[in-house]
Amino acid sequence: MLKDAIKLLAEFGLVDGNTLPDSTPGHMYQFRSCEPHLIVPAPGMKTVITGFLKDNGYVVKPVGSMLKISNLKLLKD
């Protein structure tokens, strides 16, 4: 599920900082992903990322500065 969410965000042009070298400055990416189902948005990107994910069937719950995601389709089954 996390991989699908990352792929979706990439389609919108948002970059996962985990795909870049550690020396990459923070302004070069919009979020970092973290297992099991966490997205850590860069400053100013929390609302944008939450909106993209919710619009595409994910349940998004804020956990401090992170977003915990689950797939609405899986919850209904």
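Scroll up to find the structure this text is about.
Reference entry: report on the structure contained in this document. Because the structure is a prediction, the values reported are computed rather than measured.

Definitions and cut-offs
- Residues numbered from 1 in each chain as written.
- Predicted model: local features only at pLDDT ≥ 70, side-chain atom pairs only at ≥ 80, totals over all residues.
- Heavy atoms only, no water.
- Buried < 20%, exposed > 50% of the residue type's maximum accessible area, 1.4 Å probe, protein only.
- Helix = DSSP H or I, 4+ residues; strand = E, 2+ residues; numbered from the N terminus.
- Arc of directions from axis to C-beta.
- Contact = heavy atoms within 4.5 Å.
- Phe/Tyr/Trp six-rings, centres within 6.5 Å; stacked < 30°, edge-to-face > 60°.
- Core = buried A, V, L, I, M, F, W, Y, C linked by side-chain atoms within 4.5 Å.
- Pairing = 2+ DSSP bridges.
- Axes fitted to C-alpha atoms, helices over the stretch in contact; angles between N-to-C directions.

1. Notes on helix α1 (residues 2-11)
Every buried residue belonging to α1 is among L2, A5, L8 and L9, and all of these are buried. One face of α1 carries all of its buried residues, which in axial projection span an arc of 120 degrees. In this structure, α1 carries K3, K7 and E11 as exposed residues pointing more than 90 degrees from its buried face. Summarising the contacts, the buried residues of α1 are in contact with β1 (31-34), β2 (38-41), α2 (46-55), β3 (58-63) and β4 (66-71).

2. Side note on the packing of aromatic side chains
Two numbers describe a pair of aromatic rings. These are the distance of the centres and the angle of the planes. Evaluation of the coordinates by the stated rule reveals one aromatic pair. Summarising the aromatic geometry, the rings of F12 and F52 are spaced 4.0 Å apart at their centres and angled 10 degrees between planes, so their arrangement reads as stacked. Highlighted residues: F12 in the loop between α1 and β1 and F52 in helix α2, separated in sequence by 40 residues.

3. Topic: the nonpolar core
Formed by 15 residues in total, the largest nonpolar core has its most connected members in L9, I39, I49, L53 and I69. Residue assignment for this core shows that the elements contributing at least two residues are α1, α2, β3 and β4. With four residues, the single largest contributor to this core is α1. Not counting residues up to four positions away in its chain, the partners in contact with L53 are A5, L8, L9, Y58, V60 and I69.

4. Side note on the sheet that holds β3
The strand order β1-β2-β4-β3 describes an open sheet built from four strands, whose pairing is antiparallel. Each edge of the open sheet is held by one strand with a lone partner, namely β1 and β3. Averaged over all adjacent pairs, the angle separating strand axes in this sheet is 30 degrees, with direction ignored. Relative to β4, β3 runs antiparallel, the two sharing six bridges. Note that in β4 the partner of P62 across the bridge is L67. Where α1 meets the sheet, it contacts β1, β2, β3 and β4, and its direction lies at approximately 165 degrees from that of β1.

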